[in-house]
Amino acid sequence: MPSATSDPDRRRRLRTAIAIAGLATAPLAAADSPSAAEALLVATDLFARAPQELRLRLEVGAEGSERTTALEIYRRGAERALVRMLDARDRGKFVLRRGDETWFLAPGARPVRLAPSYRLHGGAALDELLGLSLARDYRIAAYEETSGVGTFDLEAAASVAPHPRVRWAVDVARRLPLRAELRSRDGRALRVLELRGWLDPRALVPGEVAVADLVRRGPKLVARFLEVDAAPLPDALFELDGGAARAALPDVPGAPVN
Amino acid sequence: MRFAWLALRNLARNRRRTATTLAVVAAGTLALVLTAGFVAYSFDGLAEAMIHGGLGHLEVAPAAAVEARGAAALDRPLEHALAGWEGLRERLEALPHVAAVGANLQVMGMAQGPQGASVSFVGVGAEPDRARRMGFEKKLRAGELLPETAPREGEEAALVALGLAGALGVAPGDIVTLLATDAGGSLNALDVRVAGLVTTGVQELDSRYLELHLAAAQRLVGAGLASNLLVGLDETEATGEALAAVRAAVAGEQPPLAVVPWTERALFYEQVRNLYRGIFWFLGTIVFLLVVLATSNTLAMTVMERMRELGTLRAIGTGRGQLAAMILAEALWLGLLGSLAGCLLGVAAIAGINRAGVKMPPPPGAVDPIDLRLAYVPEAFAGALLLMLAVLAVAALAPVARAVRLSIVDALGHV
Amino acid sequence: MTPSSAPLLRTEGVVRRYRSGASEVTALAGVDLEIAAGEIAVVAGPSGSGKSTLLHLLGALDAADAGRVLFEGADLGALAERQRTLLRRRRLGFVFQAFHLVPVLSALENVEYPLLLDGVGRAERRRRAAEMLDAVGLAARLGHRPDRLSGGERQRVAIARALVHRPAAVLADEPTGNLDSRTAGAVLDLLADLNRSLGTTFLIATHDAALIARTPRRIVLADGRIVADSGRAA
């Protein structure tokens, strides 16, 4: 209960009860200090420990389905990202993120600005794949820890934050995220992100992210990260008129050509 | 009728009164004939406007798509779109009464103008050459129509409805970028040049509508696909006949196809039709009652005034039935002559009104003013005539009863 | 023509009363009368003596309150309305003081009317009506409407109408009442002629002294009773 734990008396009683029960002891100390919780949030934000510029290759598809969409993502910090669609029929199409703006780039068309909630083919939102920028866009409404799992109740602080509330669960000891619940303003869980493995745990680059849509139901969406490498990226890649730079991107060996 | 001529003679007794009664009957007939003419013209006009505004006479669509949204829905989901329909089209175009069969591909998505304004749109990819052969009318307000040949890649063009063009801030010659999800679920975008601005005639639709060449729509959402085939006929009256022929022609197609006549798709048309029908019957009832009231009084007076004569006729051997027949015949003559006069006036009035070219303000939701025109409806003329005969027969009931019951001796002494 | 022995018309103790406001008026208070076929008779008497009532009863236009009215031996009170109508149409003729012609019909059409009622074909109707009008001296007036005819001419049309279907009896109620004496005389001559030539029985209600004077049988009514009957006396 985020609201209950924000009440000091209630929080004290809760803590006393947990202490008497002889359950978790040490992690509570972290919760006691807001700065410790903040530090934990910063340390567990996806891609937080990754290099500034990197290239990812991934497949997105419904859980249990053979059909996947192949994507390549060029990422420069939290502000710039270029999603390159690798499927044959989507050749030449990109989604470009520049700060708060998201653009769709296709051959034969001018750049089209997309709504921030735009989902890629397959239904994944960009922020679900590229990190939620939790430490930047949200503030901690409550934090508690049980059995080594720290749970943050986060509220959107920045107007660009795509979700009003997020519940963020982390493995406190390993400092790795476990799952995120994307919630509506009234606290209803809409989507659940499950972090199933790590391509590079030290860099917080996920190996597999499963997204469950609690509103529409249906199978979970699974994004499998196949490759990650750090590489310097040309600025033109992230410009709207950088078509030439994007066209010059090398073919991806091993990418499906369905 | 032995008494018909006598009854007709009797009408000449009080010429002014007879003329007044005839005028009442004629006016009632005129009201009915003109109303029917207006209603019929409105029906026909509405039907033709809908058919040639893009509905076509028949729609051939995947049965699953029709089932998903209902026959009346204008949009057919992309997931059910037809592929490889060209052979079917060829067969359908060979059927009698079929003027042309045009493939349509419906698209919906976001449109973005040159200044970045983005508005959701619904659009259709059509075949301008087939549309022309089906007699579809485009209400072009600026620029020009789409060329009939398929555009080359990079030269796609669109007709944009006025409201949508306003929201996007575009004029003919400007580029609009269309964003839509294709049949495979992928996002796609296409730049189109605004060839012309059109109106659909419906304000609501004008804020969202645009039209492309079929080939352009296919480039946006899926090569070779069509949402439906629209069948245009050489005459609307042949709809029933053609419906059966087309149904027979598409039977056994896989996936199964449904054939929907325009009347089922134009839900709005049926509503208007029912409304007009209601109005017509309401008016008919009022006319009926008014004419009954006006003429029954007159007929009662003619009987009252002739009591002595009627008594004499009874005295010299006229039977009660004969007397009743005579009075009824007088009433029917009034109905017949009055309604014939009304019909003649109706013909003249319709011709006059149609020649005058009166404009009426656009109906709610429509864009253009409409011409006040009336149709000649033979059934209405015949119906009004029969109705007036019935009216006069009803009006004659009381006077006939009175005449039949009269005491001869009293009547002879009546002054 | 000599009256035959069997009476054409006969009344037996006929009583007819009318309500007039609160009081009851006895128009006929027991009338016994026989009229033989071929007779011509007048019913005389002051106004209100019951002349018209008697004619109405004999003409099957009205029903007696008591007693019987017989025509050709049939009791009129026992006949259905339809039979009475047929009797009036085929066996009786009526002439009224005010003529009662149909104003919108020509003289010929007025005379044709009783034949029309009986379904006689058009040509036959025309022929007989023209003949009858010729017999009453109106051959030149066939196409005239009543309002174009003089009073005497109208009454002649009425007489032709009463006779065109060759009835057994003609009942005339004040037939000369609306005519000047010269015209009245001509009408009477006509009736006498027709009685002789056609053998039609005439019963004429009148208080025209001239008419009474020249008719062989005179029945006088007073207060609903027969006070004198020259025929019975004879």
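Criteria and thresholds
Position numbers for residues count from 1 along each chain, tracking the sequence in the order it is written. For naming, the first written chain is A and the first written ligand is 1, with later ones following in the order written. Residue-level local features of this predicted model are given only where pLDDT is at least 70; pairs of side-chain atoms are given and counted only at 80 or more, and the full residue set underlies all totals for whole chains, interfaces and linings. Each side-chain value is derived from all of the structure's non-hydrogen atoms; neither hydrogens nor water enter the calculation. Contact definition: two residues touch when any of their heavy atoms are within 4.5 Å. What gets called buried area is simply the loss in accessible area from a 1.4 Å probe that two parts show on being joined, summed for both. A carboxyl oxygen of Asp or Glu within 4 Å of a side-chain nitrogen of Lys or Arg is what we treat as a salt bridge. We define a polar contact as two N or O atoms separated by no more than 3.5 Å, with the added condition that, inside protein, one atom must be a possible hydrogen donor and the other a possible acceptor, whereas residues neighbouring each other in sequence contribute only through side-chain atom pairs. Here a strand is any run of E in DSSP of at least two residues, a helix any run of H or I of at least four, and the numbering for each starts at the N terminus. Polar here means any residue other than Ala, Val, Leu, Ile, Met, Phe, Trp, Tyr, Cys and Pro, which are nonpolar, and Asp, Glu, Lys and Arg, which are charged; Gly is therefore polar. Being paired, for any two strands, means DSSP has found at least two bridges between them. Fitting a line to C-alpha atoms yields each axis, with helices limited to the stretch in contact; the angle taken between N-to-C directions then spans 0 to 180 degrees. Exposed residues in this analysis have more than 50% of their type's maximum accessible area, buried residues have under 20%, and partly exposed residues fall in between, with area computed by a 1.4 Å probe over protein chains only. An angle counts as roughly parallel when it lies under 35 degrees, as roughly antiparallel when it exceeds 145, as roughly perpendicular when it falls between 65 and 115, and as oblique in every other case. In this scheme, a crossing is called left-handed if the near helix is turned counterclockwise away from the far one by less than a right angle; it is called right-handed if the turn is clockwise. Residues enter patches when their relative accessible area tops 30% and they take part in no salt bridge; the joining distance is 9 Å for like charges and 5 Å for the nonpolar side chains Val, Leu, Ile, Met, Phe, Trp and Tyr. Each accessible area is a Shrake-Rupley estimate made with a 1.4 Å probe; only the visible protein chains count as cover when residues are assessed. Residues scored as positive are Lys and Arg, those scored as negative are Asp and Glu, and His as well as the terminal groups of each chain are ignored. The location of each charge is read from NZ of Lys, CZ of Arg, CG of Asp or CD of Glu. Here, the term nonpolar core denotes a set of buried Ala, Val, Leu, Ile, Met, Phe, Trp, Tyr and Cys residues that are joined through side-chain atoms within 4.5 Å.

K.L.:
Just checking my understanding: could you explain the interface of chain C and chain B for this structure?
P.N.:
Size of an interface, as often reported, equals the accessible area lost when the parts are brought together. Contact with chain C, which involves 24 residues of that partner, is made by 22 residues of chain B. Summed over both partners, the interface of chain C with chain B comes to about 2,200 Å²; 64% of that surface belongs to carbon and sulfur atoms. Sorting the residues of chain C by area buried against chain B places H100, V104 and Y113 of chain C first, and these three jointly supply 24% of that buried surface. At the boundary of chain C with chain B, the tally comes to 2 salt bridges. A salt bridge links E81 of chain C to R314 of chain B, with the shortest nitrogen-to-oxygen separation between them at 2.8 Å. Applying the counting rule to chain C against chain B returns 9 residue pairs in polar contact (both at pLDDT 80 or more). For the side of chain C that touches chain B, the elements supplying multiple residues, two or more each, are α2 (81-90), β6 (92-96) and α3 (107-117) of chain C. A class-by-class count of the residues in the side of chain C that touches chain B yields 12 nonpolar, 4 polar and 8 charged.

K.L.:
In this structure, what is going on with the sheet that holds strand β3 (residues 40-44) of chain C? I would like to understand it.
P.N.:
In any sheet, the strands associate via hydrogen bonds between backbone groups, in a parallel or an antiparallel arrangement. Residues and elements named next belong to chain C. Strand order in the open sheet formed by 6 strands is β6-β7-β8-β3-β9-β10, with mixed pairing between adjacent strands. The strands lining the two open edges of the sheet, one partner per strand, are β6 and β10 (225-229). Ignoring which end each strand starts from, the neighbouring axes of this sheet average 20° apart. Pairing geometry for strand β7 (residues 169-173) and strand β8 (residues 201-205), over 5 bridges, is parallel.

K.L.:
Help me out: how do you make sense of the sheet that holds strand β5 (residues 74-75) of chain C in this one?
P.N.:
All names here are of chain C. Spatial ordering of the open sheet is given by β2-β1-β4-β5, a layout of 4 strands whose pairing is antiparallel. Every other strand in the sheet has two partners, leaving β2 (23-36) and β5 as the edge strands with one partner each. For strand β1 (residues 7-20) and strand β4 (residues 66-71), the ladder comprises 5 bridges, and the chain directions are antiparallel. Bridge pairing in β4 links L9 to F71.

K.L.:
Looking at this structure, I do not really get the environment of V303 of chain B. What am I missing?
P.N.:
All names here are of chain B. Looking at where V303 falls in the secondary structure, it is placed in helix α11 (residues 267-305). Note on V303: relative accessible area 1%, which makes it buried. Note: C-alpha distance between V303 and P399 (96 residues apart in sequence) is 6.3 Å. Not counting chain neighbours up to four residues away, the residues in contact with V303 comprise L310, I327, P399, R402 and A403.

K.L.:
Any chance you could explain the interface of chain B and chain A here in plain terms?
P.N.:
Taken together, the contacts link 14 residues of chain B with 16 residues of chain A. The largest share of the area that chain B buries against chain A comes from Q112, S186 and L187 of chain B, three residues that together contribute 39% of it. Along the contact surface separating chain B from chain A lie 2 salt bridges. Connecting chain B to chain A are 7 residue pairs in polar contact (both at pLDDT 80 or more). At the level of elements, β7 (175-181) and β8 (187-199) of chain B are the ones that each hand at least two residues to the side of chain B that touches chain A. Grouping the constituent residues of the side of chain B that touches chain A by class yields 6 nonpolar, 6 polar and 2 charged.

K.L.:
What is the right way to read α2 of chain C from this model?
P.N.:
For α2 of chain C, the set of buried residues is T85, L87, R88 and R89 of chain C. Buried residues in α2 of chain C make contact with α12 (307-315), α13 (320-356) and α15 (408-413) of chain B together with β4, β6 and α3 of chain C.

K.L.:
I keep staring at the packing of α3 of chain C against helix α5 (residues 151-163) of chain C and nothing clicks. Help me out?
P.N.:
Helix-helix packing is described using two parameters, namely the angle between the two axes and the distance between the axes. Residue and element names in this part refer to chain C. Orientation of α3 relative to α5, taken along the N-to-C sense of each, is 25°, at an axis distance of 7 Å. By the angle between their axes, α3 is roughly parallel relative to α5. Crossing geometry of α3 relative to α5 is assigned as right-handed. Of the residues in α5, those in contact with A107, N110, V111 and P114 of α3 are V157, A160 and R161. Here the contact of α3 with α5 is built from residues that sort into 5 nonpolar, 1 polar and 1 charged.

K.L.:
Is there a simple way to explain unusual backbone geometry in this structure?
P.N.:
Among all residues except glycine, the phi angle is most often negative; among peptide bonds, the trans geometry is most common. The omega angle of the peptide bond from Q254 of chain B to P255 of chain B is -5°, so this bond is cis rather than trans. You can see P255 of chain B is positioned in the loop between α9 (239-250) and β12 (257-261). Positioned with a positive phi, L204 of chain A is a non-glycine residue whose angle comes to about 60°. Among the residues examined, L204 of chain A registers a relative accessible area of 0% and is labelled buried.

K.L.:
Sorry if this is basic, but what is going on with the pattern of salt bridges here?
P.N.:
Where charged atoms from two side chains of opposite charge come close, those side chains can pair. Using the criterion set out here, one finds 63 salt bridges over all chains in the structure. Ionic pairing is found between R196 of chain A and E63 of chain A, a salt bridge with its closest N-O pair at 2.5 Å. In this pair, R196 of chain A sits in strand β11 (residues 189-200) while E63 of chain A sits in the loop between β1 (53-62) and β2 (68-76), placing the two residues 133 residues apart along the sequence. We classify R196 of chain A as partly exposed; its relative accessible area is 33%. Across the pair R217 of chain C and E39 of chain C runs a salt bridge, and its minimum N-O distance is 3.0 Å. Separated by 178 residues along the polypeptide, R217 of chain C in strand β9 (residues 217-222) and E39 of chain C in the loop between β2 and β3 bring together distant segments of the chain. The residues R217 of chain C and E39 of chain C share a single accessibility class, namely buried. A network of salt bridges, in which partner residues are shared, links E59, E63, E194, R196, E208, K220 and R224 of chain A.

K.L.:
Please explain a negative patch on the surface as it appears in this structure.
P.N.:
Together, D44, E48, E137, D234, E235, E237 and E241 of chain B make up a negatively charged patch on the protein surface. Checked against the element boundaries, E241 of chain B lands in helix α9.

K.L.:
I tried to follow the environment of S339 of chain B on my own but got confused; where do I start?
P.N.:
Residue and element names in this part refer to chain B. On the secondary structure map, S339 appears in helix α13. Judged by relative accessible area, which is 0%, S339 ranks as buried. With 326 residues separating them in the primary sequence, S339 and R13 have C-alpha atoms 20 Å apart. Filtering out sequence-adjacent residues up to four positions away, S339 remains in contact with V25, T29, L334, L385 and M388. Engagement of the side chain of S339 in a polar contact is seen with the backbone oxygen of L336, the distance being 3.1 Å.

K.L.:
What exactly am I supposed to notice about the nonpolar core here?
P.N.:
Side chains that are nonpolar tend, in soluble globular proteins, to be buried together. In terms of nonpolar packing, the biggest core is built from 75 residues, with F71 and L203 of chain C touching the most fellow members. The element contributing the most residues to this core is helix α14 (residues 378-405) of chain B, with 9 residues. Look past the residues within four positions of F71 of chain C in its chain and what remains in contact with it is L8, L9, L76, L87, R91, L92, A168 and A169 of chain C.

Geometry only, nothing functional implied.
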